[in-house]
Amino acid sequence: HQWILAGQNSYGVRSFENFIDACRTCNESSSSRKQPSDFDDGSIATVHTTLQGTAILEAGRLSLDADGQPMDIIYESSDSAEPTGIQPHIFQ
């Protein structure tokens, strides 16, 4: 007998299921084995695919903590998509 529970196809459940499936493919001993970096393509949430979103949330938190002070997200270069820091915006 298979139980059907409300919400089992919701976003959080599917995301968790996709993560477990990715873990399984990383632990396989067959030729289809994958590396964790193979999932940096956006198919699941990884550190590399969530860095910008996390930086935006952290900048918002820092701004709220500083009474609305705007924050700048710092990148290594204008071509980089990986945030390296957050600092208060300096108006000139």
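A. Examining the overall build of the chain more closely. Tallying secondary structure elements over the chain gives two helices and two strands in all. Along its sequence from the N terminus, the chain presents helices and strands in the succession α-α-β-β. Expected size for 92 residues packed as a compact globule is a radius of gyration near 12 Å; at 19 Å, the chain overshoots this value by more than 25%. Seen along its three principal axes, the alpha-carbon backbone of the chain occupies a region of about 65 × 35 × 15 Å.

B. The pattern of salt bridges, seen in detail. Across all of its chains, the model carries three salt bridges by this definition. Of the charged contacts, one joins Arg24 and Asp21 as a salt bridge, the two residues approaching to 3.7 Å between their closest N and O atoms. Separated by three residues within a single helix, Arg24 and Asp21 lie in helix α1 (residues 11-27), roughly one turn from each other. Since its relative accessible area comes to 34%, Asp21 is described here as partly exposed. Salt-bridge contacts for Glu58 lead to Arg61; the nearest nitrogen and oxygen are separated by 2.7 Å. Of this pair, Glu58 and Arg61 both sit in helix α2 (residues 47-65), three residues apart, which is roughly one turn of that helix. The class for Glu58 is partly exposed, based on a relative accessible area of 30%.

C. How the structure looks around the state of the cysteines. Taken as a whole and assessed by the stated rule, the structure comprises zero disulfides. We note that Cys23 lacks a disulfide partner, and the nearest cysteine sulfur, in Cys26, lies 6.5 Å from it. Assessed through its relative accessible area of 15%, Cys26 is described here as buried.

D. Main features of unusual backbone geometry. Of note, Asp67 is a non-glycine position whose phi angle comes to about 55 degrees, a positive value. Position of Asp67 relative to the elements: it lies in the loop between α2 and β1 (71-75).

E. Structural view of the confidence of the model for the chain. Looking at the chain, the pLDDT average stands at 88 and 90% of residues meet or exceed 70. Of all helices and strands in the chain, the one with the weakest mean pLDDT is α1 (87), whereas β1 scores best (97).

The rules behind each value
Residues numbered from 1 in each chain as written. Predicted model: local features only at pLDDT ≥ 70, side-chain atom pairs only at ≥ 80, totals over all residues. Heavy atoms only, no water. Helix = DSSP H or I, 4+ residues; strand = E, 2+ residues; numbered from the N terminus. Rg over C-alpha atoms; globule rule 2.2 N^0.38 Å. Salt bridge = Lys/Arg side-chain N within 4 Å of Asp/Glu carboxyl O. Buried < 20%, exposed > 50% of the residue type's maximum accessible area, 1.4 Å probe, protein only. Disulfide = S-S within 2.5 Å. pLDDT = per-residue confidence, 0-100.

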